[in-house]
Amino acid sequence: MKILALIPHYNHAGTVGRVAAAMREQGLDVLIVDDGSHADCRSVLDALARQPGVAVHYRPQNGGKGAAVKSGLDYAQEHGYTHVLQVDADAQHHLPDAAKLIEQSNAKPQSVVCGWPQYGEDAPKSRLYGRKITDFWNMVNTGGFAIKDSMCGFRLYPVATVQDVVKQECLGDRMDFDTEILVHLCWRGAEMVWVKTPVQYAAGGVSHFNAWHDNVRISKMHARLFFGMLARRLSGRWRR
């Protein structure tokens, strides 16, 4: 296994260095994919790119988290990495738990290993309600409970497996990507391993989730997946 830590980044100059350092402490190469951040982030990212084991890829304009992850997966495939550990740049994940994801992936290298977030009292109620709605539709669209939480951006992919989906399916480029890719992987019979991990919502933290636009986009994604599920059932390709 050759693992690349992939950090999609958009205007998180205050935390991205801490995330990159935590991944380097795990012995991982790091790729930061900057998704058209503001100019004042450039000096921070350029300094990180000068550190051993850290690379920065600059997208020319903002395309969304999904677009940044897709760019990172292409980089990983081109540079011979077998697995990608996706981790958000805002440092909300419990970064030492990357070791737990890697341990599970070493045991089952063909599996998709996902963080299963455990929320504290600091979690916004609107986020929790939105996740419950997504959990319901994931159950409908997959016919079961294989997906514990599809919105957590802390996960470890086998590159070849996930690239097959990315190249063959039309997936969203923004906040809808994390859920959509897992549903498609589930449809294809990919095994998923879940690792419980705490999530911290720091006071004054920066979120790029747009309550209106992203909820509309996610609703459209669920509708698209629902009709995709019906098509699979009717064509005999349904895998529960």
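Rules behind the numbers
- Every chain begins its residue count from 1, and numbering advances along the sequence as written.
- Only residues with pLDDT of 70 or above have their local features reported here, since the model is predicted, and side-chain atom pairs are shown and tallied only from 80 upward, although totals for entire chains, interfaces and linings are computed over all residues.
- Remark: hydrogens and water are excluded; side-chain values derive from all non-hydrogen atoms of the structure.
- What counts as a salt bridge is simple: a side-chain nitrogen of Lys or Arg found within 4 Å of a carboxyl oxygen of Asp or Glu.
- The cut-offs for exposure are 20% and 50% of the maximum accessible area for each residue type, with area from a 1.4 Å probe on protein chains only; residues under the lower value are buried, those over the upper are exposed, and the others partly exposed.
- Every helix listed is a DSSP run of H or I at least four residues long, and every strand listed is a run of E at least two residues long, numbered separately from the N terminus.
- Expected span, for any helix, means 1.5 Å times one less than how many residues it has.
- What makes two residues a contact is simply this: any of their non-hydrogen atoms within 4.5 Å.
- Only rings of Phe, Tyr and Trp enter the pairing, Trp through its six-membered ring, and a pair is recorded when the two centres are within 6.5 Å. The plane angle decides the type: under 30 degrees is stacked, over 60 is edge-to-face, the rest tilted.
- To sit over a ring, a charge needs its Lys NZ or Arg CZ within 6 Å of the ring centre and within 35 degrees of the ring normal.
- What is meant by a nonpolar core is a set of buried Ala, Val, Leu, Ile, Met, Phe, Trp, Tyr and Cys residues, joined one to another through side-chain atoms within 4.5 Å.
- A pair of strands is labelled paired if DSSP reports no fewer than 2 bridges between them.
- A clockwise course of the path from the first strand over the helix to the second, judged with the strands pointing away from the viewer, identifies a crossover as right-handed.
- Each axis is a line fitted through C-alpha atoms, taken for helices only over the stretch in contact, and angles between the N-to-C directions span 0 to 180 degrees.

Q: Help me understand the pattern of salt bridges, please; the structure alone is not making it clear to me.
A: Between side chains of opposite charge, a pair can form as their charged atoms come close. Going through the model one piece at a time under the given rule, you end up with 13 salt bridges. Across the pair Lys100 and Asp97 runs a salt bridge, and its minimum N-O distance is 3.5 Å. Judged by relative accessible area, which is 5%, Asp97 ranks as buried. Put simply, Lys65, Asp88, Arg155 and Asp178 are held in one network by salt bridges that share partners.

Q: Can you help me understand helix H3 (residues 65-78) in this one?
A: Helical periodicity: at 3.6 residues per turn, an α-helix aligns residues three or four positions apart in one direction. For H3, spanning 14 residues, the distance from its first C-alpha to its last is 20 Å, which sits close to the expected 20 Å at 1.5 Å a residue. Taken together, the buried positions of H3 are occupied by Lys65, Gly66, Ala67, Ala68, Val69, Lys70, Ser71, Gly72, Leu73 and Ala76. On its buried face, H3 is in contact with strand E1 (3-9), strand E2 (29-35), strand E3 (54-59), strand E4 (83-86), helix H6 (159-168) and helix H7 (177-187).

Q: What exactly am I supposed to notice about the environment of Val112 here?
A: Summarising the element assignment, Val112 is placed in strand E5 (residues 112-119). The buried category is assigned to Val112, whose relative accessible area is 0%. In this structure, the C-alpha to C-alpha distance between Val112 and Val165, residues 53 residues apart in sequence, is 13 Å. In this structure Val112 touches Leu156, Tyr157, Pro158, Leu182, Leu185, Ala190, Glu191, Met192 and Val193, once residues within four positions along its chain are discounted.

Q: When you look at the packing of aromatic side chains in this model, what are you seeing that I'm missing?
A: Aromatic ring pairs are described here by two measures, namely the spacing of the ring centres and the angle between the planes. By the definition in use, this model includes three aromatic pairs. For the pair Trp137 and Phe226, a centre-to-centre distance of 6.1 Å together with 80° between the ring planes defines the contact as edge-to-face. You can see Trp137 sitting in helix H5 (residues 125-142) and its partner Phe226 sitting in helix H8 (residues 213-235), a full 89 residues away along the chain. Taking the relative accessible area as the measure of exposure, Phe226 reaches 26% and is therefore partly exposed. Feature note: the residues Phe136, Trp137, Phe226 and Phe227 constitute an aromatic cluster, connected by ring pairs. A cation over a ring is seen here: Lys2 above Tyr81, with NZ or CZ 4.6 Å from the ring centre. For the cation-ring pair, Lys196 lies above Trp116, with the distance from its terminal atom to the ring centre recorded as 5.5 Å.

Q: Could you clarify how one ought to interpret the nonpolar core in this entry?
A: Nonpolar side chains tend toward joint burial in soluble globular proteins. Judged by nonpolar contacts, the single largest core of 32 residues is most densely connected at Ile181, Leu182, Leu185 and Met192. Of all elements in the fold, only E1, E2, H3, E5, H6, H7, strand E7 (192-199) and H8 reach the threshold of two or more residues within this core. For this core, the element with the most residues is H7, which contributes seven residues. Other than its neighbours up to four places away in sequence, Leu185 contacts Val112, Tyr157, Thr161, Val162, Val165, Ala190 and Met192. Counting residues in each nonpolar core, the second largest holds 30 residues, with Val87, Leu95, Ala98 and Leu156 among its members.

Q: What is the right way to look at the pairing of E3 in this model?
A: Taken residue by residue, a regular strand's side chains alternate between the two faces of the sheet. Pairing between E2 and E3: six bridges, direction parallel. Directly across from Ile32, in E3, lies its bridge partner Val56. Taking the sense of rotation as the criterion, the β-α-β connection linking E2, helix H2 (residues 42-49) and E3 turns out right-handed.

Q: Would you mind going over the pairing of E7 with me for this structure?
A: Burial within E7 is extensive, with six of its eight residues counted as buried. Note: E5 against E7, eight bridges, orientation parallel. For Val113, the partnering residue across the bridge sits in E7 and is Val193.

Q: Any chance you could explain the sheet that holds E5 here in plain terms?
A: Within a beta sheet, neighbouring strands are joined by backbone hydrogen bonds and run either parallel or antiparallel to one another. Spatial ordering of the open sheet is given by E3-E2-E1-E4-E6-E5-E7, a layout of seven strands whose pairing is mixed. Looking at the sheet topology across the chains shown, the edges are occupied by E3 and E7. For this sheet, the mean inter-axis angle between neighbouring strands, taken without regard to orientation, is 25°. Inspection of the sheet shows E5 paired to strand E6 (residues 155-158) by two bridges, in the antiparallel sense.

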